[in-house]
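Structural overview
Chain by chain, the residues run as shown.
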Amino acid sequence: MNTTKKAAAALISVFHKDGLEPIVKKLDELGVTLYSTGGTEKFIQDLGINVVPVEDVTSYPSILGGRVKTLHPKVFGGILNRQDNESDVAQMTEFEIPQLDIVIVDLYPFEKTVSSGASEQDIIEKIDIGGISLIRAAAKNFKDVLCVSSMEDYEDFLNVISEGNGATTIEDRKRFATKAFNVSSHYDSAIFNYFNGDGTETALKISELNGQVLRYGENPHQKGFFYGDFDAMFTKLHGKALSYNNLLDVDAAVNLMGEFKNDAPTFAILKHNNACGLATRSSIKEAYVDALAGDPVSAFGGILISNVEIDGPTSEEIHKLFCEVVIAPSFSEEALETLKGKKNRIILVQNEVALPETLVRTCLNGVLVQDKDSKTDRSDSLTTVTKQEPNIQEIEDLIFASKLCKHTKSNTIVLAKNKQLCASGTGQTSRVDALNQAIHKAKSFNFELEGAVMASDAFFPFPDCVEIADKAGIKSVIQPGGSIKDQLSIDYCNENGLAMVMTGTRHFKH
């Protein structure tokens, strides 16, 4: 059975006309009869090409301010008829319905209208009715009809009809039908999410049109994909393709550095989603050098991120280290020349793009959804619960440590001094273990903890942590509080001259 079909007629009704001209000219060259409405009809006429108004087929004008143009049996019959069905063929003749072999539609830009801050009325008017119906009809009947559902597919379609001299294969038509249902489902999801902005309906609709296949997932035996507009968020200047694990680390780095966006020059080094180095200094070179000092061993193969431009002197220091990714708002020409010295090193310029306010992860046979932890502890929200009050430097260090603690795997303890990460205990089942790990690590890299501060992502159920910290030289502590035994830790601090502040906000990260 021959499944290749020669197109004789096409219906074109699009919002965006960019890239349409060569398609119209090619179809005309191939002798394809063109049907259209409204602005698209005028566009074709202005090219000097014959076009049949849909109104001439339906004997009905566009009505209700253009809300109803193509919604008519003579249009949808021309799309949905089964060309190998005798009854359908007979009815097509009986009702004088023209066969439509190609349908080209580009929907009203609903999402762009929403993001522009337009009024509700303007947004409602950008809900496409006729277009989405044409797409579904043409895609459903892919055995006989080819559907082009987005201007993103214009070039692909032009190649198909050019190579086939106006004929399309069943494989082509099914491929375009798949694209069409992708477009229509995404469009409906966007509309639902707009109407359900208050979460009245406890349904989850997530749709991403942009996707890429990764080399593999977390491990080589796992498949991996990324869905999202990576190019909108980053300008990639150099290096190999990012891996699944690279992307996870980049995500962790971006979220962490977001806490220091408006601060003095700050540099972070991450490994396996956790910071192994972090420092804020008067220059970005100093910040990098002191961040690296936090754990020069773990920094090998890490992800580096800066909150300010990376300059030449800083790049020379970075170049001494093997690292996977370097991220910054910008790079000087000298820095780029240096950093590009390693062909696989990934260099990313971070663009100003809003991050999702909702976090989603798979769980059991479903998914968990929660609001992003967007609360950052501030000096004016701290409550001192001990006789000893932290001094100004200690408060700055406490906030610095708390910001990092928020972005470190629980259970975690962060030790910091002079806006530099001394060490952290990450992902431990016991808070005491996390503290002991941090102290051991800090000492192994020759950090003097006398006068350092300690941050905890959750409360202390017992005074053991403050006692261990005290013996290590820690002088100030920040924690959420909320344990029924808070007073035990407070009493120990009072008896031993430690300052403790509580935030009232827990920052678990699992």
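Before reading on, note that the structure itself is shown above.
Nothing here was measured: the structure is a model prediction, and the numbers come from that model.

1. What to know about the overall build of the protein
Per the secondary structure count, the protein includes 19 helices and 23 strands. Its C-alpha radius of gyration of 31 Å places the protein more than 25% over the 24 Å reference for a compact globule of 510 residues. Its C-alpha atoms give the protein principal-axis dimensions of roughly 100 × 50 × 40 Å. Relative to its 510 residues, the protein shows a buried fraction of 46%. Total accessible area on the protein stands at roughly 25,400 Å², and carbon and sulfur atoms take up 50% of it. Here the protein contributes 51 positively and 70 negatively charged side chains, and the mean placements of these two sets differ by 4 Å.

2. Here's the deal with the pairing of strand β15 (residues 346-350)
Counting buried positions along β15 gives four out of five residues, so the element sits mostly inside the fold. Looking at chain direction, strand β10 (residues 234-238) and β15 are connected through four bridges and run antiparallel. Residue pairing for β15: K236 is matched across the bridge by L348. As paired strands, strand β14 (residues 323-328) and β15 are joined by four bridges and run parallel to one another. When the bridges of β15 are listed, A328 appears paired with V349. Assessed by its sense of winding, the connection that carries the chain from β14 through helix α15 (residues 333-339) to β15 is right-handed.

3. Considering the packing of helix α1 (residues 21-29) against helix α9 (residues 154-163)
At their nearest, the axes of α1 and α9 sit 10 Å apart, and the two run at 20° to each other. Here α1 lies roughly parallel to α9, going by the angle between them. For the pair α1 and α9, the crossing hand works out as left-handed. Between α1, through P22, I23, K26 and L27, and α9, the contact on the second element is made entirely by Y154, F157, L158, I161 and S162. Residue composition of the contact of α1 with α9, by class: seven nonpolar, one polar and one charged.

4. What about the pattern of salt bridges?
Within this structure, the stated rule accounts for 20 salt bridges. The salt bridge partner of D295 is K441, with a shortest N-O separation of 2.8 Å. One end of the pair, D295, is in the loop between α13 (284-293) and β13 (302-306); the other, K441, is in helix α17 (residues 431-444), and 146 residues separate them in sequence. The class of D295 is buried, set by a relative accessible area of 2%. Taken together, the shared-partner salt bridges in this structure form one network comprising D156, D172 and R175.

5. So, the nonpolar core
In summary, soluble globular proteins display a tendency toward joint burial of nonpolar side chains. Grouped together as the largest cluster of nonpolar side chains are 37 residues, with contacts concentrated most on F234, V250, L270, I305, I327 and L348. Here this core gets seven residues from one element, more than from any other, and that element is helix α12 (residues 244-257). If we ignore the near neighbours within four places in the chain, the residues touching V250 are F234, L242, I303, V325, I327 and L348.

6. Some details on the packing of helix α4 (residues 73-80) against helix α8 (residues 130-140)
For the pair α4 and α8, interaxial distance at closest approach is 8 Å and the crossing angle is 30°. The orientation of α4 relative to α8 falls into the category roughly parallel. Contact with α4, carried on its side by V75, F76, I79 and L80, involves S133, L134, A137, A138 and K140 of α8 and no other residues of that element.

7. Some thoughts on the sheet that holds strand β22 (residues 476-479)
Within the open sheet, the six strands sit side by side as β18-β23-β22-β21-β19-β20. Their pairing is mixed. For this open sheet the edge positions go to β18 (383-384) and β20 (421-425), each flanked by a neighbour on one side alone. Against the sheet, helix α16 (residues 392-406) makes contact with β19 (413-416), β20, β21 (453-456), β22 and β23 (499-502), and its axis sits at roughly 35° relative to β21, the strand it touches most. Relative to the sheet, helix α19 (residues 486-496) contacts β22 and β23, its axis offset from that of β23 by approximately 150°.

8. Some points on the sheet that holds β15
The strand order across the open sheet formed by six strands is β10-β15-β14-β13-β11-β12, and the pairing between neighbours is mixed. If you trace the sheet from one side to the other, it starts and ends with β10 and β12 (274-280), each paired once. Mean inter-strand twist for the sheet, computed between neighbouring axes without regard to direction, equals 20°. Contacting β11 (266-271), β12 and β13, α13 runs over the sheet at an angle of about 30° to β11.

What counts as what
- Residues numbered from 1 in each chain as written.
- Predicted model: local features only at pLDDT ≥ 70, side-chain atom pairs only at ≥ 80, totals over all residues.
- Heavy atoms only, no water.
- Helix = DSSP H or I, 4+ residues; strand = E, 2+ residues; numbered from the N terminus.
- Rg over C-alpha atoms; globule rule 2.2 N^0.38 Å.
- Buried < 20%, exposed > 50% of the residue type's maximum accessible area, 1.4 Å probe, protein only.
- Areas by Shrake-Rupley, 256 points an atom, 1.4 Å probe, with all protein chains shown as cover.
- Lys, Arg positive; Asp, Glu negative; His and termini not counted.
- Charge placed at Lys NZ, Arg CZ, Asp CG, Glu CD.
- Pairing = 2+ DSSP bridges.
- Right-handed = clockwise from strand over helix to strand, strands pointing away.
- Axes fitted to C-alpha atoms, helices over the stretch in contact; angles between N-to-C directions.
- Parallel < 35°, antiparallel > 145°, perpendicular 65-115°, else oblique.
- Left-handed = near helix turned anticlockwise from the far one by under 90°.
- Contact = heavy atoms within 4.5 Å.
- Nonpolar A, V, L, I, M, F, W, Y, C, P; charged D, E, K, R; others polar.
- Salt bridge = Lys/Arg side-chain N within 4 Å of Asp/Glu carboxyl O.
- Core = buried A, V, L, I, M, F, W, Y, C linked by side-chain atoms within 4.5 Å.

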